[in-house]
Amino acid sequence: MNLFKKVIEIYQEYYICLHCLGRMFSLLATDTTNYDRGKSLLLAMTMENHRVYLSRDENHEEAIANLKNLAEKVMYNPARSVLDKEGIDYNKISLSEKCYLCDDIFSNVPTYAKIASDSLGNHEFKDFLVGTALDSQIVNREDSFKAQFNLLDSESFKNHFNREVGKELSLVLLKPSEFAKPDITVIYTLGFASSEVNLIVRSTYIKGRYNKFIRGIPQTHWDCRACKGKGCESCNFSGKQYKTSVEELINPEFIKEAKAEGSKFHGAGREDIDVKMLGQGRPFVLELINPRIRTLDLEKIQKKVNKNNKRKVKITNLVNSSKEQVKNLKFNAENTKKIYRALTSSNEDVTKEKFETVLNQLKIAFENQKIQQRTPNRVSHRRADKIREKKIFQIEGKFIKPKVFEFIVEAQGGTYIKEIIHGDDGRTTPSFTEIFGFPIECKKLDVLKIY
Ligand SMILES: [Zn+2]
Ligand SMILES: [Zn+2]
């Protein structure tokens, strides 16, 4: 059907704004806006009907009806002045009707942009993206409208809104909109009756290494086992299983500087609570959630954190990082070598000579060998029970006293070191206990190096 006829049909029943009119034919002609499409359509229609009127041919009456339609229903000024000029009477009352499709939302794009730019005011960001969630009323009305007039070249409500508000925001904020990984996504929830704006702020990530110089603190915050974090008598209403953690000693300074809502600590593996993390430290990535500040003075934060945690925890090598690095961190943790120092005690007295002999047997059994480790008893409540194969690279040993020895073990990431020593009731094999022939216990364990 002729484009003009379709427009007349639409306006015989509904009032829609110029944005929506153009939008219904958005796939026709490029390099223009929906608003200009709508405006041009009305002007071309007015011209064509004026031509037919002047030609006085058989469609003369229909042309007058069309011009009246445009003058009355659309209050289109060029049509009105044609009728005025030709001395044709029409209803001059201005209707205060709102667009049937968008409820005049598209005529108020600057207002919508303003609401967003106000809420973006105290955020640091380099780019943004606009997204929309629509009320079902808008969607349903739009669908049946398109079906009724068989409109096959239209653009969706969302696309139009996102683009137009995006353009406006870009001008107001002097920042580009970005599809791939915007710092902030502005989400409009639109309905005919109400609308609201929410911001989704992309997390920022800081990579570094940490040392843990004391025993007894876990890497990350643990919810109290009894109350699952709600707070109870056994945790003194703190909701925590342990008073503090590496995470909790490190993150406050970052959260404060980034004006973030919270943080997530991602470690490259973890050491046990009673294990020190020495040497160059363990890699970690700190994710800052909902940060208002994205550019941080890392040197300043590092100094502050280290000053606050003297002799407990230290962080080094801070750099900006990314979500991808978190994945790498987890993946690499299994594939890196680590060096541990274990202070062990034995049930029976061992002479220095006997120790040297057993040490040689340990080297033969472990060095560059794969060992079988079933999930240790002590973690079986939170990890799947399965057998893991881990590689041990090197073992050095030192006789200290007849019942006390020190070992340096170089092993693949993810190896349970304490279990290699005591054997975990045969769940780890071979083990030091197995080779010594009587129980060997790990008294103290430190991580010396993570490759
Ligand atoms: Zn509209
Ligand atoms: Zn509790």
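The shown structure was predicted, so the numbers you read here are calculated from the model rather than taken from an experiment.

Colleague: Please explain the coordination of the zinc ion (ligand 2) as it appears in this structure.
Modeller: Each pair of donors in an ideal octahedron of six around a metal sits at 90 or 180 degrees, and each pair in an ideal tetrahedron of four sits at 109.5 degrees. Coordination of the zinc ion (ligand 2) by the protein involves Cys-224 (SG), Cys-227 (SG), Cys-232 (SG) and Cys-235 (SG), with metal-donor separations of 2.3 Å. Metal-centred angles of 101 to 114° between the four donor atoms at the zinc ion (ligand 2) mark the site as tetrahedral. Sequence spacing among the residues donating to the zinc ion (ligand 2) works out to C-x2-C-x4-C-x2-C. Grouping residues by exposure puts Cys-224 and Cys-232 together as buried.

Colleague: What is the right way to read the side chain of Glu-247 from this model?
Modeller: Mapped onto the elements, Glu-247 comes out in helix α9 (residues 246–258). The buried charged residue Glu-247 lacks any salt bridge partner; its closest oppositely charged side chain belongs to Arg-270, at an N-O distance of 7.7 Å.

Colleague: Got a minute to help me understand the packing of helix α3 (residues 34–55) against helix α5 (residues 77–85) in this structure?
Modeller: Closest axis-to-axis distance for the α3/α5 pair is 9 Å, and the angle between their directions is 20°. The orientation of α3 relative to α5 falls into the category roughly parallel. As α3 packs across α5, the resulting crossing turns out to be right-handed. In contact with Leu-43, Thr-46 and His-50 of α3, α5 contributes Pro-78, Ala-79, Val-82 and Lys-85. Taken together, the residues of the contact of α3 with α5 sort by class into four nonpolar, two polar and one charged.

Colleague: How should I be thinking about the coordination of the zinc ion (ligand 1) in this particular structure?
Modeller: Distances from the zinc ion (ligand 1) to its protein donors, namely Cys-17 (SG), Cys-20 (SG), Cys-99 (SG) and Cys-102 (SG), fall within the range 2.2 to 2.3 Å. Considering all four donor atoms around the zinc ion (ligand 1), angles at the metal cover 106 to 112° and the coordination shape is tetrahedral. When the donors of the zinc ion (ligand 1) are listed by position in the chain, the intervening gaps give C-x2-C-x78-C-x2-C.

Colleague: So what exactly am I meant to see when it comes to the packing of aromatic side chains here?
Modeller: Any two aromatic rings considered together are summarised by their centre-to-centre distance and by the angle between their planes. Taken as a whole and judged by the stated rule, the model has 22 aromatic pairs. Between the aromatic rings of Phe-399 and Phe-405, the centroid separation amounts to 6.1 Å while the plane-to-plane angle is 35°, which identifies the pairing as tilted. The burial state of Phe-399 is the same as that of Phe-405; both residues are buried. Aromatic ring contacts, followed pair by pair, group Phe-355, Phe-366, Phe-399, Phe-405, Phe-407, Phe-432, Phe-436 and Phe-438 into a single cluster. Over the ring of Tyr-53 we find Arg-56, and its NZ or CZ is 4.8 Å from the ring centre. Lying over the aromatic face of Tyr-451, Lys-337 brings its terminal NZ or CZ to 5.4 Å of the ring centre.

Colleague: Which parts of the structure should I look at to understand the sheet that holds strand β2 (residues 184–190)?
Modeller: Note: strands within a sheet are paired through backbone hydrogen bonds, in either parallel or antiparallel orientation. One open sheet holds the three strands; their spatial order is β1-β2-β3, and the pairing between them is mixed. The open sheet has two edge strands with one neighbour each: β1 (128–134) and β3 (195–201). Averaged over all neighbouring strand pairs, the angle between strand axes comes to 20°, with direction disregarded. Taken together, the seven bridges between β1 and β2 define a ladder with parallel strand orientation. Bridging from a neighbouring strand, Leu-129 pairs with Thr-185 of β2. Contacts between helix α8 (residues 157–173) and the sheet are confined to β1 and β2, with β1 contributing the most and set at about 145° to the helix.

Colleague: In this structure, what is going on with the nonpolar core? I would like to understand it.
Modeller: Nonpolar side chains in soluble globular proteins tend to be buried together. Ranked by internal contacts, the top residues of the largest apolar core, which has 58 residues, are Ile-16, Leu-21, Leu-42, Phe-145, Val-165, Leu-169 and Tyr-188. Ignoring anything within four residues of it in the chain, the contact list for Phe-145 reads Ile-10, Tyr-14, Ile-16, Met-24, Tyr-100, Leu-101 and Leu-151. Ala-258, Val-313, Phe-355 and Phe-436 belong to the second largest nonpolar core, which has 49 residues in total.

Colleague: What exactly am I supposed to notice about the environment of Gly-121 here?
Modeller: On the secondary structure map, Gly-121 appears in the loop between α6 (109–119) and β1. Along the chain, Gly-121 and Arg-292 lie 171 residues apart, while their C-alpha atoms are 9.8 Å from each other.

Colleague: Explain the packing of helix α1 (residues 3–13) against α3 to me, please; I cannot follow it from the model alone.
Modeller: The contact between α1 and α3 brings their axes to 11 Å, and the two run at 105°. By the criterion of interaxial angle, the relationship of α1 to α3 is roughly perpendicular. In this structure, α1 uses Leu-3, Phe-4, Val-7, Ile-8 and Tyr-11 to contact α3, whose residues at the interface are Leu-41, Leu-42, Ala-44, Met-45 and Glu-48. Residue classes in the contact of α1 with α3 are distributed as nine nonpolar, no polar and one charged.

Colleague: Just to check I follow, could you spell out α1 for this structure?
Modeller: For the α-helix, the turn length of 3.6 residues means that residues three or four positions removed from each other point alike. Along α1, the positions that sit buried rather than exposed are Lys-6, Val-7, Ile-8, Ile-10 and Tyr-11. For α1, the secondary structure elements touched by its buried residues are α2 (18–23), α3, α4 (60–72) and α7 (136–148). Structurally, the start of α1 carries an N-cap: the backbone nitrogen of Phe-4 is 2.6 Å from a side-chain oxygen of Asn-2.

Rules behind the numbers
- Residues numbered from 1 in each chain as written.
- Chains lettered and ligands numbered in written order.
- Predicted model: local features only at pLDDT ≥ 70, side-chain atom pairs only at ≥ 80, totals over all residues.
- Heavy atoms only, no water.
- Donors = N, O, S within 2.8 Å, 3.2 Å for Na, K, Ca; no water.
- Tetrahedral: all angles 85-135°; square planar, octahedral: opposite > 155°, others 65-115°.
- Buried < 20%, exposed > 50% of the residue type's maximum accessible area, 1.4 Å probe, protein only.
- Helix = DSSP H or I, 4+ residues; strand = E, 2+ residues; numbered from the N terminus.
- Lys, Arg positive; Asp, Glu negative; His and termini not counted.
- Salt bridge = Lys/Arg side-chain N within 4 Å of Asp/Glu carboxyl O.
- Axes fitted to C-alpha atoms, helices over the stretch in contact; angles between N-to-C directions.
- Parallel < 35°, antiparallel > 145°, perpendicular 65-115°, else oblique.
- Left-handed = near helix turned anticlockwise from the far one by under 90°.
- Contact = heavy atoms within 4.5 Å.
- Nonpolar A, V, L, I, M, F, W, Y, C, P; charged D, E, K, R; others polar.
- Phe/Tyr/Trp six-rings, centres within 6.5 Å; stacked < 30°, edge-to-face > 60°.
- Lys NZ or Arg CZ within 6 Å of the ring centre and 35° of its normal.
- Pairing = 2+ DSSP bridges.
- Core = buried A, V, L, I, M, F, W, Y, C linked by side-chain atoms within 4.5 Å.
- Polar contact = N/O pair within 3.5 Å; in protein donor to acceptor, adjacent residues only side chain to side chain.

By themselves, these are just geometric observations and shouldn't be taken as functional.
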